[in-house]
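Structure assessment
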Amino acid sequence: MKALLDWLDHRTGCKALMHEVMNEPIPGGARWRYITGSMLTFCFVVQAITGLFLWCGYAPSTQTAWESVFYIQHEMTLGGLVRGIHHFAAQAMMVVLGLHFFQVIWDGAYRAPREVNYWLGLVLMQIVIVLSLTGYLLPWDQKGYYATKVATNIAGSTPFIGEQIQQIAQGGPAYGHHTLTRFFALHAGLMPALLVGFLGLHIYVFRRHGITVPESAEGKPVGTFWPKQVLYDAVGCLIVLAGVLYFALTRPAELTAPADPGEDFPARPEWYFLFLFRFLEFELISKRGVAFGAIYVPGAIMALIVLMPFIGRSKLGHQFNRLMLVVLLVGVAALTALTIYEDGHNESHQAKLKFAERDAHRVVELAHREGIPQNGARELLVRDAFAQGPRLFKRHCASCHRFDGHDGTGQRILKAKLDADGNAMKDWLGHPISEEEPATAADLKDFGSREWVKRVLTDYETTFAPLKNAGEKGQRFLDGEMAGWCKENKAVLADAANADSVKALAEFLTAQGGRTDLEPFDEQLVAIGKDIFKGGALKTGMLTSSCTDCHAMKLAGDTESLGDGAGPGYPTLTGYAGQNWLMSFLRAPGHADFYGDNNIMLDFDTSRLSDEELILLVKWMTGDY
Amino acid sequence: MANLPPESSPVFPEAAPRRRGFLTQAAAIIVGGLAGLIPLASSVIFFLDPIIKRRNSAGGSDGFLRAANVSALPTNGTPERFVLKADIHDAWTLYRNRVLGSVYLRLMPNGQVIAFNDTCTHLGCKVDYQAANKRFFCPCHHSAFDLDGKKQNQTPPRDMDDLKVEIRDGEVFVKYQNFRTATPEKKALAQ
């Protein structure tokens, strides 16, 4: 071993180099406060290792980026862990970077003769920021896609050359394959290479001047880097890694649904850029244009930071720099906290996040179940009833109906709240206050289920109460025959002795829909329900009129009708609430088989709702997905 | 370091007992090693995924794929090449009905059909059929096989790989498999 080392040393001088590296003098001896530089280097090494290996599984194109990251995350051995480490180490790097920067300013390490090294550090900071921005897009998921769009649009707001910068970054006028190939080349090639180069310079110049020693250490004996400072540094690195592993193991790196230019997303930048995001939102800033808030102001602050070594030449200047650092940090912290607070209390934003999460889970489920088609995973969601149903409900139904109180996608339907004078009211942060827009038709959350049918029979009033907001024609339903029947029979249906009869009737009616997502139907109950439906005889007492007196119904497989009903305008109940019934109903609710002349609902013919959309909507409503 | 005379560097003021120095050194190596090793090891295991996880990429439930109608085969026993199609999982993508590979089929006088994988057993090039010489011939390193797939020179390590064939309702179904190349024994590769 020793002979081999001597042989190598004779040819490379490695011993002297090691000696040089390890015996760096540390005046005053090893200290914990000196570890942040090593921690940063460690973060970069972790990123380089995990990044290189992730590269082996990643395919940068709009049809493969999300898909390959999905595969890394969910299929490959330890893929989720490696991606998690990469994801969280990037964030750890930002934290340590902030710490390192703070220390350099606070301890005056930026002052002569270390100005150049300070500037090298600032260059490294920019490189890390570019790495973070470019990495955010690579999974090509909704979050990265929309957040990065904001970033490239900001670049596009640069005066004079903005458009060119944006197009160069994007690889064209719009996002596409070349956006990914370029971002990937920057992220995995150019930026790491620059970082290594500048880091080398940074460390070289650092070694030239030695560590910046606090006054308290003066006069104390000189130590060396090895072994004590190395141990301190290593402990610091291990703590970083422990934190990263904790997050990587407890919360997988997020992968939202595949990027879709046709679907919105409540995009936010990564948490360490939230302050900038919020800063741009201030009216005072936004009214001066994007370039002002996103380029001029940060540029001016950056310029001031660059000039700090000159400002800090005097004692007073140094104190000014320290003060500015604190002001900046407090500002950043306050804006970040404000954003988190606001988003946390923004019901609509939270609902959007939840709905986006629903998509993200769903697409992974579909990718496992059906495999990802050649055109990419986005297609899985586009043709999925579970994903599209709520969107179609929101677009076509939610102007009158509600779904569990919301619009299908989890959003409450709101309107501006007005004060007595008719002016829009605002809260203490200046956000408009809103109130619920009343529905004008029934809440369809459990439409077609046993509960729904039971509720229609026993509590028609409440089920259809929103119709009272639908004007005279709506009120007609609430005063109509079915409402009257429910009133007449309320007592007998509520009678505890008839509970089984009601249950049977509901079972029978629900079974007509032929749904397979509900609890299996009880044939015996269905048979009893059928008799009640036709004859009106309950366990104790009779219904004032039987269902077939008004409603037509033909059972599946039967040639003869169970009843012919009372004619046009009395909805037929053949296959009630099943897919065929719903499709016919939605296409023409005013058809004689349904509400006839009483109808107040829109006809959803093919000009409003294509066949594919109708099927998706109906499948979602009947739990068939 | 240039601003400090090198003599001043190796000062070990804490002329501490050697044991403490050793403990610090050992701890530094262990802690530092651990911090570096965990991400590296995770990444390397991730990289080794292809040999850790076995995945089925293609094939029907029994592995037999339709190759041709029997009537499409020359009746004089001349081999003819046919492509096989299947649903293929290529990492994340599921390709429907995509070409998986090709095989030679020969209709024998007794009505049976024999099938060869057209991959050369030498180093995996596609073997041609030379009608003039009535033999299979590989353009890469000149492996040659007779019509029964027997090797005719020393280049290939073994005969051509024959495949299982079933005739179902006049259709030729082939159990498509690939085999390791460059070995004398015929060893199937995982699909």
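Note that residues are indexed from 1 along each chain, following the sequence as it is written. Chains carry letters from A onward and ligands carry numbers from 1 onward, assigned in written order. Thresholds applied to this predicted model are a pLDDT of at least 70 for local features of residues and 80 or more for the giving and counting of side-chain atom pairs; totals over whole chains, interfaces and linings are not thresholded and use all residues.

1. Considering the overall build of chain B
Condition: In this text, helices come from DSSP runs of H or I with a minimum length of four residues, and strands from runs of E with a minimum of two, each type numbered from the N-terminal end. The burial label depends on the number of other C-beta atoms within 10 Å of a residue's C-beta. Counts of 20 or more mean buried, 12 or fewer mean exposed, and intermediate counts mean partly exposed, with C-beta atoms placed from the backbone. A pair of residues counts as a contact when their C-beta atoms, built from backbone coordinates, are within 7 Å of each other.
Within chain B one finds two helices and 10 strands. Across the 191 residues that make up chain B, the buried fraction comes to 23%. Within chain B, contacts between residues separated by at least 24 positions form 50% of all contacts whose residues are at least 6 apart in sequence.

2. Description of the environment of M108 of chain B
Residues and elements named next belong to chain B. By the element assignment, M108 lies in the loop between strand 3 (93-107) and strand 4 (113-117). Since 11 C-beta atoms lie within 10 Å of it, M108 is described here as exposed. Sequence-distant contacts of M108, that is, excluding residues within four places in its chain, are made with G77, V113 and I114.

3. Considerations on the confidence of the model for chain B
Residues and elements named next belong to chain B. Cut-off, in case you're wondering: As a per-residue quantity, pLDDT reports the predictor's confidence and falls between 0 and 100.
On average, residues of chain B score 87 in pLDDT, and 86% of them reach the 70 mark or higher. Per-element averaging of pLDDT across chain B places helix 1 (residues 18-47) at the bottom with 91 and strand 7 (residues 144-145) at the top with 96. Confidence estimates for the predicted assembly give a pTM of 0.89 and an ipTM of 0.88.

4. What about the nonpolar core?
All names here are of chain A. So the rule is basically this: As used here, a nonpolar core is made of buried Ala, Val, Leu, Ile, Met, Phe, Trp, Tyr and Cys residues. They are joined through C-beta atoms within 7 Å.
Formed by 89 residues in total, the largest nonpolar core has its most connected members in C43, A89, M93 and V240. Those residues within four positions of A89 in sequence are excluded, and the remaining contacts are C43, V46, Q47 and V244. Counting 38 residues, the second largest nonpolar core, distinct from the first, contains L505, F508, W581 and F585.

5. Regarding the sheet that holds strand 1 (residues 64-69) of chain B
Pairing between the strands of a sheet is mediated by backbone hydrogen bonds and can be parallel or antiparallel. All names here are of chain B. As a reminder, the rule being used: Pairing between strands is defined by DSSP: at least two bridges between the two strands are required. Interaxial angles span 0 to 180 degrees and are taken between N-to-C directions of axes, which are lines fitted to C-alpha atoms, for helices over the stretch in contact.
Taken in spatial order, the three strands make up an open sheet running 1-10-9, and their pairing is antiparallel. In this open sheet, the two edge strands, each paired with only one partner strand, are strand 1 and strand 9 (165-168). Sheet twist, expressed as the mean angle between neighbouring strand axes with direction ignored, is 30°. Summarising the sheet, strand 9 and strand 10 (residues 171-175) pair through four bridges and their orientation is antiparallel. Considered in strand 10, the bridge of R168 is made with E171.

6. Quick word on the packing of helix 18 (residues 450-458) of chain A against helix 22 (residues 499-511) of chain A
All names here are of chain A. Short version of the rule: For classification purposes, an angle smaller than 35 degrees is called roughly parallel, one larger than 145 roughly antiparallel, one from 65 to 115 roughly perpendicular, and anything else oblique. Should the near helix be turned counterclockwise from the far one by less than a right angle, the crossing is left-handed, whereas a clockwise turn marks it as right-handed. Amino acids are sorted into nonpolar (Ala, Val, Leu, Ile, Met, Phe, Trp, Tyr, Cys and Pro), charged (Asp, Glu, Lys and Arg) and polar (every other residue, Gly among them).
Closest axis-to-axis distance for the helix 18/helix 22 pair is 9 Å, and the angle between their directions is 120°. Classified by the interaxial angle, the pair formed by helix 18 and helix 22 is oblique. The element helix 18 and its partner helix 22 pack so that their crossing is right-handed. For the pair helix 18 and helix 22, contact is made by R450, V453, K454, L457 and T458 and by V502, L505, A506, E507, L509 and T510, respectively. In the contact of helix 18 with helix 22, the residues fall into six nonpolar, two polar and three charged.

7. Description of the interface of chain B and chain A
It is common to give the size of an interface as the accessible area lost on bringing the parts into contact. Chain B puts 35 residues into the contact, and the matching count from chain A is 40 residues. For the side of chain B that touches chain A, the secondary structure elements donating two or more residues are helix 1, helix 2 (49-52) and strand 3 of chain B. The element contributing the most residues to the side of chain B that touches chain A is helix 1 of chain B, with 17 residues. Among the residues making up the side of chain B that touches chain A, the classes are represented as 22 nonpolar, 11 polar and two charged.

8. Remarks on unusual backbone geometry
Residue and element names in this part refer to chain A. With an omega of 5°, the peptide bond between A112 and P113 qualifies as cis. With respect to the element layout, P113 can be found in the loop between helix 5 (79-106) and helix 6 (115-137). Here the amide bond leading from W226 into P227 is cis, since omega sits at 0°, within 30 degrees of zero. Summarising the element assignment, P227 is placed in helix 10 (residues 225-250). A positive phi angle, close to 55°, is found at W140, a residue other than glycine. By the element assignment, W140 lies in the loop between helix 6 and helix 7 (142-156).

9. Observations regarding the sheet that holds strand 6 (residues 135-137) of chain B
Residue and element names in this part refer to chain B. One open sheet accounts for three strands, arranged 5-6-7; its pairing is antiparallel. Among the strands making up the open sheet, the edge pair consists of strand 5 (128-130) and strand 7. Bridge count for strand 5 against strand 6 is three bridges, and the pairing is antiparallel. Residue pairing for strand 6: Y129 is matched across the bridge by F136.

10. Description of the environment of P221 of chain A
Residue and element names in this part refer to chain A. Here P221 is to be found in the loop between helix 9 (177-209) and strand 2 (223-224). What makes P221 partly exposed here is the crowd of 13 C-beta atoms within 10 Å. Taking the C-alpha atoms as reference points, P221 and G29, separated by 192 residues in sequence, lie 6.6 Å from one another.

11. A closer look at helix 21 (residues 481-494) of chain A
Stated formally: To estimate the expected span of a helix, count its residues, drop one, and scale the result by 1.5 Å. What the bend at a residue measures is the angle between two axes, fitted to the seven residues ending there and to the seven starting there.
The terminal C-alpha atoms of helix 21 of chain A, which comprises 14 residues, lie 19 Å apart, in line with the 20 Å expected from a rise of 1.5 Å per residue. Of all bends in helix 21 of chain A, the biggest is about 45°, found at E488 of chain A.

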